[in-house]
Amino acid sequence: MNFGLAASADLMGFRGRRSDIETGWLKKQLSEEEPDGEGQESDLPPVLLFVMGGNQWREENEWPLARAVDTELYLHEHSHLSFEAPNDAQEVDTFSYDPADPVPTTGRSLLMAEDFPAGPFDQAAVEARSDVLVYTSEPLADDLEVTGRIQASIFVTTDAPTTDWVVRLCDVGPDGVSRNIVDGIRRVQAAPDEYTEQHIDLWSTSYVFAAGHRLRLQVTSSNFPRWYRNLNTGTNGDATQMKTARQRVAHDVTRPSRLVLPIIPAKH
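Computed from a prediction, not measured in an experiment: that's the story for all the values here. (Residues numbered from 1 in each chain as written. Predicted model: local features only at pLDDT ≥ 70, side-chain atom pairs only at ≥ 80, totals over all residues. Heavy atoms only, no water.)

(A) Highlighting unusual backbone geometry. Residue Pro64 is bonded to the preceding Trp63 through a cis peptide linkage, with omega at 0 degrees. Although it is not a glycine, Ser79 adopts a positive phi angle of roughly 60 degrees. Its location among the elements puts Ser79 in the loop between strand E3 (69–76) and strand E4 (80–82). Using a relative accessible area of 42% as the deciding quantity, one classes Ser79 as partly exposed. (Helix = DSSP H or I, 4+ residues; strand = E, 2+ residues; numbered from the N terminus. Buried < 20%, exposed > 50% of the residue type's maximum accessible area, 1.4 Å probe, protein only.)

(B) Representation of the packing of aromatic side chains within the structure. Under the criterion given, the structure shown has three aromatic pairs. Aromatic side chains Phe50 and Trp57 sit 5.5 Å apart centroid to centroid with 65 degrees between the ring planes, which places their arrangement in the edge-to-face category. Overall, the relative accessible area of 15% leaves Phe50 in the buried class. Its relative accessible area of 18% is what places Trp57 among the buried residues. The lysine or arginine in question, Arg229, covers the ring of Phe224, its NZ or CZ lying 5.2 Å from the ring centre. The ring of Tyr195 carries Arg255 above its face, with NZ or CZ at 4.5 Å from the centroid. (Phe/Tyr/Trp six-rings, centres within 6.5 Å; stacked < 30°, edge-to-face > 60°. Lys NZ or Arg CZ within 6 Å of the ring centre and 35° of its normal.)

(C) Fine view of a nonpolar patch on the surface. A cluster of nonpolar side chains, contributed by Trp25, Leu26 and Leu30, occupies part of the molecular surface with about 340 Å² of accessible area. Positionally, Leu26 belongs in helix H1 (residues 18–30). (Patch = residues over 30% accessible without salt bridge, like charges linked within 9 Å, V, L, I, M, F, W, Y side chains within 5 Å. Areas by Shrake-Rupley, 256 points an atom, 1.4 Å probe, with all protein chains shown as cover. Salt bridge = Lys/Arg side-chain N within 4 Å of Asp/Glu carboxyl O.)

(D) Spatial organisation of the environment of Leu215. With respect to the secondary-structure elements, Leu215 resides in strand E11 (residues 214–220). The buried category is assigned to Leu215, whose relative accessible area is 0%. When the C-alpha atoms of Leu215 and Asp171 are compared, they prove to be 5.2 Å apart, with 44 residues separating the residues in sequence. Here Leu215 is in contact with Leu73, Leu81, Tyr135, Thr136, Ser137, Leu140, Leu144, Leu169, Cys170, Phe209 and Leu261, once residues within four sequence places are set aside. (Contact = heavy atoms within 4.5 Å.)

(E) Structural detail: the environment of Pro174. The topology assignment puts Pro174 in the loop between strand E8 (162–172) and strand E9 (178–189). C-alpha of Pro174 to C-alpha of Asn2: the two residues are 172 residues apart in sequence and 17 Å apart in space. Non-local contacts of Pro174, meaning those with residues more than four positions away in its chain, are made with Gly212 and His213.

(F) Structural detail: the pairing of E3. In this sheet, strand E13 (residues 258–264) lies alongside E3 in antiparallel orientation, the contact comprising six bridges. Looking at the pairing, Leu73 lines up with Leu259 of E13. With three bridges connecting them, E3 and E4 associate as antiparallel partners. When the bridges of E4 are listed, His76 appears paired with His80. The hairpin formed by E3 and E4 contains three residues between the paired strands, and His78 there has a positive phi angle of roughly 60 degrees. (Pairing = 2+ DSSP bridges.)

(G) Just the side chain of Asn223, in detail. Following the sequence through the fold, Asn223 ends up in the loop between E11 and strand E12 (245–250). Here Thr105 takes part through its side chain, which lies 2.7 Å from a polar atom of the side chain of Asn223. (Polar contact = N/O pair within 3.5 Å; in protein donor to acceptor, adjacent residues only side chain to side chain.)

In structure tokens form, the structure reads like this:
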């Protein structure tokens with residue numbers, strides 16, 4: 001996905017080249033020489049961020065943004081994602097996680113071998129797997145900006161002594177293509193078949209989901225080789241010893257699995 005010329009490493013449009021900004025900052029911090037030329041560090045705001053989707057740089061005076069409103073997006077049965085909380089009992093979703101066949105790393109902010117390039121990538125092959133649960137919202141009526149730290153809280157259980165939980169937020173265009181935006185992982189140890197609420201940090205982003213697009217959440221248990229796969233055995237012994245885990249995700253009135261999005265209110 002190309003976010004436009006202004007997103008490149010050497011051009012920031014209204015602030016000039018990024019290399020000039022960096023050089024000015026280094027001069028101020030590491031030498032007695034006063035920075036000169038465009039992009040002086042002394043006149044920069046505390047925060048410069050690039051808003052993906054809107055495809056523009058923006059100046060801010062704080063981080064996180066005080067005007068961001070933490071908004072919950074709930075998992076529902078039938079693979080549905082909604083801003084409305086569940087108000088009844090719902091069937092849990094299940095999948096089997098086999099460490100011998102982990103979900104392959106497909107995009108994201110990476111610094112890996114060239115076989116695993118960074119960025120937003122089509123998630124069709126990932127979402128077609130039986131060990132990846134997918135929840136999708138209705139199309140958005142208006143643009144939706146998410147800027148800040150994204151968190152997930154999911155109610156889950158496993159029959160393994162230890163396992164991993166991976167949550168990924170994606171943007172689904174009108175053409176049906178799903179592209180990854182942010183994700184996170186949490187390794188847990190819990191009593192088998194006991195539901196616990198797991199909090200997963202998806203890190204920060206600044207992204208505009210355009211009107212007509214849908215938000216999608218993936219829930220799975222691996223992202224290999226970006227993250228070392230959990231063998232589900234609870235031991236640090238022979239790596240050839242693996243256990244297939246049966247995973248369950250609940251989303252009902254008493255166990256409201258959800259994503260928390262820092263939404264920037266639209267200007268009117």
